[in-house]
Each structure stands twice: as C-alpha cells, then as structure tokens.
Amino acid sequence: MAFVWDLIQQIQLRSTKSRAKSAESKARTAEVRAKVAETRSRSADSRARSLESRITSLEDELDEMRLTMAVLLDRLERRFGGEERAPEETRAR
C-alpha cells in the first residue's frame, strides 16, 4: 500500500510542477506582452508629439505665406489697382 501511496504523491508532485511551469510561462508571456504594449504606447506618444509639432510648424509657415500674399496683393493693388478701377469701384470701397 505504501508503494501505491508513493506513486500517487509522485503523480501529484509532477502535476503540480507542470502547472507551476505552465503558470510561470504564462506570466513571462504576459510580462513580455505588457512590455511590448508599453513600448508601442511610448512610440505612439512620441509619434503623436512629433506630428503635433510638425502641424504647428506647418501652420506657422502657412500664416507667413498668407502674410506675404497679403503684402504682395496690397502692393499690386496700389501699383495697378488705382489706374484700372472705375470711379464706382473706388467709391464702393
């Protein structure tokens, strides 16, 4: 009977060890996945900040272009606009 009891204990011990290894493996996998997700999140945040910075830069550039266009249009109107306008257009402005 002692032999059977020892055999049962060995089987239970192997089963417990197997479950422990499986749980350890799952924990490692979860840890690796969490690290990958964190890295992706950091990368996405960095990319978002980079894109926001680029958008701001492009908006500033666009504002400068608008100002330049306004100045050039004003110069053109002063140079050519007064000579070609009819008297009604001048009064309407």
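These numbers come from a predicted model, not from an experiment.

A.B. asks: Just checking my understanding: could you explain the overall build of the chain for this structure?
C.D. replies: For the chain, the count of helices and strands is two helices and zero strands. Here the chain has roughly 9000 Å² of accessible surface; of this, 56% comes from carbon and sulfur atoms.

A.B. asks: Just checking my understanding: could you explain the pattern of salt bridges for this structure?
C.D. replies: Opposite charge on two side chains allows them to pair when their charged atoms are near. Counted under the stated rule, the structure contains five salt bridges. Across the salt bridge formed by Glu24 and Arg28, the nearest N and O atoms sit 2.3 Å from each other. Taken together, the residues Glu24 and Arg28, both in helix 1 (residues 2-84) and four residues apart, mark about one turn of the helix. Judged by relative accessible area, which is 40%, Glu24 ranks as partly exposed. The closest approach of N and O atoms between Glu31 and Lys35, which form a salt bridge, is 3.6 Å. Placement of both Glu31 and Lys35 in helix 1 is noted, with a separation of four residues, approximately one turn of the helix. Judged by relative accessible area, which is 46%, Glu31 ranks as partly exposed.

Analysis parameters
- Residues numbered from 1 in each chain as written.
- Predicted model: local features only at pLDDT ≥ 70, side-chain atom pairs only at ≥ 80, totals over all residues.
- Heavy atoms only, no water.
- Helix = DSSP H or I, 4+ residues; strand = E, 2+ residues; numbered from the N terminus.
- Areas by Shrake-Rupley, 256 points an atom, 1.4 Å probe, with all protein chains shown as cover.
- Salt bridge = Lys/Arg side-chain N within 4 Å of Asp/Glu carboxyl O.
- Buried < 20%, exposed > 50% of the residue type's maximum accessible area, 1.4 Å probe, protein only.

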